[in-house]
There are 2 protein chains.
Amino acid sequence: MAIPRAAKTQRRTRIQEEKEERILEAALDVFSSSGFRGSTIDQIADAAGMSKPNLLYYFRTKEAIHRQLIDRVLFTWLEPLRAFDAEGDPEAEIRSYIRRKLEMARDFPRESRLFANEILQGAPHIEDELKGPLKELVDEKAEVIRAWARAGKIAACDPYHLIFSIWATTQHYADFDVQVRAVLGQEAAGEGRFEDAARFLEQLYMNGLRVGAD
Amino acid sequence: MAIPRAAKTQRRTRIQEEKEERILEAALDVFSSSGFRGSTIDQIADAAGMSKPNLLYYFRTKEAIHRQLIDRVLFTWLEPLRAFDAEGDPEAEIRSYIRRKLEMARDFPRESRLFANEILQGAPHIEDELKGPLKELVDEKAEVIRAWARAGKIAACDPYHLIFSIWATTQHYADFDVQVRAVLGQEAAGEGRFEDAARFLEQLYMNGLRVGAD
DNA sequence: GTAATGTTTTACCAATCGGTCAAATTATCG
DNA sequence: CGATAATTTGACCGATTGGTAAAACATTAC
């Protein structure tokens, strides 16, 4: 008889690891392009190449898949912000933060869209994470930025809105990819658009945050 | 007997106008917070305070409601960009564009989220509009910006990514509202956040686009 | 008023939704 | 090998999905 799923964490089979990975991979595709409510277990099962009951053997509910996916993404997603170093050179830190966020938008667009879908729809599953760990991390880094401004290393500015604007501009290239491609047109929409974006954003932020502005 | 719905455009009843308006208003609520696939006709009918068959008397399909909603929003959404004036003062034009986009994010967040949901999910219903009218409008305004740069009125920069970045930063306050509120916390999340955002963005862009940077 | 038109409701449909169950199958271990 | 545990399947469930048919009801035009 099958072990009840609650006790499964004790030792994980090779098959378990493989299948769970395949399910999460498929679910990332589906959830990121249809949102939670718009996705169905059948779609995920199809994409993972297995039957629905088989999928439900590994994850009890649709919510369980989504939850695990979101938890994973949330962690890796904040990695660049965590790397923000108070001891480093402000210009270099901000520049490298922008570059890393842009690389993530380029290399992990599905993860970005999964997250965007969740927030757009009111973040029903992760409000606590936003108000807790995320807020604390941003508060900490905002203080770093404020200290840089006080020390005269960058222009005085609202650190929260600075962070928001970097999030917005970089993730835009993942979340609004279709629009970006449509506007740039076929010729200009090659992967070069990420380099162009990086150049533009670095220019904008380096000049915009330079000391001694009105 | 009821007139076939295809012929209804001839003359519109008072009741027709009222009900259609109520349906679109309700649908804006529902679609903007659940996306197209995640929304149901029942939800919209409930929100509009009428029965499902009654709603379907005015709009034949779910798609028809969504389509009309998107068409409306798309038009008003581009109004600020259309107002971009080649003859005006570059700094003032950009500043006022940012301000207007920010006001729209504040006053019409549902419209912004409807649009974001659509793009996020691959823009299945409006790809043509993006590649056609939208691209043309952006192309035109990009040329204006390039001319300003050539005339030495603003720093040389990629006009497309400039526009993208303004879209991203302003719409962020509508689309990612939950996250913005969560991070700012209860005290700072009053409506003042839009003024803070405006101040930050104007500072960023005015300094960032100033002539004579590296 | 009455006839034609416009609107709303009730009852319903097939398809799909998330999820369960027991039986059949396969892998693992001694 | 045999036994035991892990995995997969097919058949199924009640609820919900988008949408229809027809009749009841309301409104308008004459």
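Cut-off values and rules
Residues numbered from 1 in each chain as written. Chains lettered and ligands numbered in written order. Predicted model: local features only at pLDDT ≥ 70, side-chain atom pairs only at ≥ 80, totals over all residues. Heavy atoms only, no water. Helix = DSSP H or I, 4+ residues; strand = E, 2+ residues; numbered from the N terminus. Buried < 20%, exposed > 50% of the residue type's maximum accessible area, 1.4 Å probe, protein only. Contact = heavy atoms within 4.5 Å. Axes fitted to C-alpha atoms, helices over the stretch in contact; angles between N-to-C directions. Parallel < 35°, antiparallel > 145°, perpendicular 65-115°, else oblique. Left-handed = near helix turned anticlockwise from the far one by under 90°. Nonpolar A, V, L, I, M, F, W, Y, C, P; charged D, E, K, R; others polar. Least-squares fit on C-alpha atoms with pLDDT ≥ 70 in both. Expected span 1.5 Å × (residues − 1). Arc of directions from axis to C-beta. Disulfide = S-S within 2.5 Å. Salt bridge = Lys/Arg side-chain N within 4 Å of Asp/Glu carboxyl O. Core = buried A, V, L, I, M, F, W, Y, C linked by side-chain atoms within 4.5 Å. Buried area = accessible area lost by both parts, 1.4 Å probe. Polar contact = N/O pair within 3.5 Å; in protein donor to acceptor, adjacent residues only side chain to side chain. Phe/Tyr/Trp six-rings, centres within 6.5 Å; stacked < 30°, edge-to-face > 60°. Lys NZ or Arg CZ within 6 Å of the ring centre and 35° of its normal.

What about the overall build of chain A?
- Of the regular secondary structure elements, chain A holds eleven helices and zero strands.
- Each helix and strand of chain A, placed in order from N terminus to C terminus, yields the pattern α-α-α-α-α-α-α-α-α-α-α.
- Its C-alpha atoms put chain A at 70 × 45 × 30 Å along the principal axes.
- Counting all 214 residues of chain A, 54% fall into the buried class.
- Within chain A, contacts between residues separated by at least 24 positions form 67% of all contacts whose residues are at least 6 apart in sequence.

Quick look at the packing of helix 10 (residues 177-188) of chain A against helix 9 (residues 159-175) of chain B
- Between helix 10 of chain A and helix 9 of chain B, whose axes approach to 11 Å, the crossing angle comes to 150°. Put simply, helix 10 of chain A runs roughly antiparallel to helix 9 of chain B. Pair helix 10 of chain A / helix 9 of chain B crosses with right-handed handedness. Residue-level inspection shows A:Gln179, A:Val180, A:Val183 and A:Leu184 of helix 10 of chain A in contact with helix 9 of chain B, the latter providing B:Tyr160, B:Phe164 and B:Trp167.
- Its residues assigned to classes, the contact of helix 10 of chain A with helix 9 of chain B shows six nonpolar, one polar and no charged.

A closer look at the relation of the copies chain B and chain A
- You can overlay chain B on chain A at an RMSD of 0.1 Å; the transform is a turn of 180° with a shift of 0.0 Å along its axis. Given the turn and translation reported, the copies of this chain are related as if by a two-fold rotation axis.

As for helix 4 (residues 62-77) of chain B
Residues and elements named next belong to chain B.
- Its 16 residues place the ends of helix 4 22 Å apart at the C-alpha level, agreeing with the 22 Å of an ideal helix rising 1.5 Å per residue.
- Restricting attention to buried positions, one finds in helix 4 the residues Lys62, Ile65, His66, Leu69, Ile70, Val73, Leu74 and Trp77. Seen end-on, helix 4 carries its buried residues on one side only, within an arc spanning 155°.

Focus on the state of the cysteines
- The full count for this structure, using the stated rule, is zero disulfides over all chains.
- As a non-bridged cysteine, A:Cys157 has B:Cys157 as the owner of its nearest cysteine sulfur, 20 Å distant.
- Here A:Cys157 falls in the buried class, since its relative accessible area comes to 14%.

So, the environment of B:Ala168
- Relative to the helices and strands, B:Ala168 is located in helix 9.
- Taking relative accessible area as the criterion, B:Ala168 reaches 8% and is therefore assigned buried.
- When residues no more than four places from it in sequence are discounted, the contact partners of B:Ala168 are A:Ala168, A:Thr169 and A:His172.

Let's talk about the pattern of salt bridges
Residue and element names in this part refer to chain A.
- Scanning the entire structure with this criterion turns up 39 salt bridges over all chains.
- A salt bridge links arginine 110 to glutamate 25; its shortest N-O distance comes to 2.9 Å. Residue arginine 110 is located in helix 7 (residues 109-120), and its partner glutamate 25 is located in helix 1 (residues 14-38); the two are separated by 85 residues in the primary sequence.
- On the accessibility criterion, arginine 110 (22% relative accessible area) is partly exposed.

Things to note about the nonpolar core
- Of all hydrophobic cores here, the largest spans 144 residues; its most connected members are A:Tyr205 and B:Tyr205.
- Setting aside chain neighbours within four positions, we find A:Tyr205 in contact with A:Ile98, A:Leu162, A:Ser165, A:Ile166, A:Thr169 and B:Leu204.

Concerning the interface of chain B and chain A
- Listed as interface residues are 60 residues of chain B and, on the opposing side, 60 residues of chain A.
- Taken together, both faces of the contact between chain B and chain A bury some 5000 Å²; the carbon and sulfur share is 66%.
- At the boundary of chain B with chain A, the tally comes to zero salt bridges.
- Applying the counting rule to chain B against chain A returns eleven residue pairs in polar contact (both at pLDDT 80 or more).
- Secondary-structure elements contributing two or more residues to the side of chain B that touches chain A are helix 1 (14-38), helix 7 (109-120), helix 8 (127-150), helix 9, helix 10 (177-188) and helix 11 (192-208) of chain B.

Let's talk about the packing of aromatic side chains
- Enumeration according to the criterion identifies 14 aromatic pairs over all chains in this entry.
- Summarising the aromatic geometry, the rings of B:Tyr173 and B:Phe194 are spaced 6.3 Å apart at their centres and angled 55° between planes, so their arrangement reads as tilted. Here B:Tyr173, found in helix 9, pairs with B:Phe194, found in helix 11; they are 21 residues apart in sequence, far enough to count as distant.
- For B:Tyr173, a relative accessible area of 3% puts it in the buried group.
- Given a relative accessible area of 8%, B:Phe194 falls into the buried group.
- An aromatic cluster is defined as three or more aromatic residues linked by ring pairs; in this entry it consists of A:Phe164, A:Trp167, B:Tyr173 and B:Phe194.
- Note that A:Arg82 overlies the ring of A:Phe75, its terminal NZ or CZ placed 4.5 Å from the centroid.
- Over the ring of B:Phe36 we find B:Lys62; its NZ or CZ atom is 4.6 Å from the centre of that ring.

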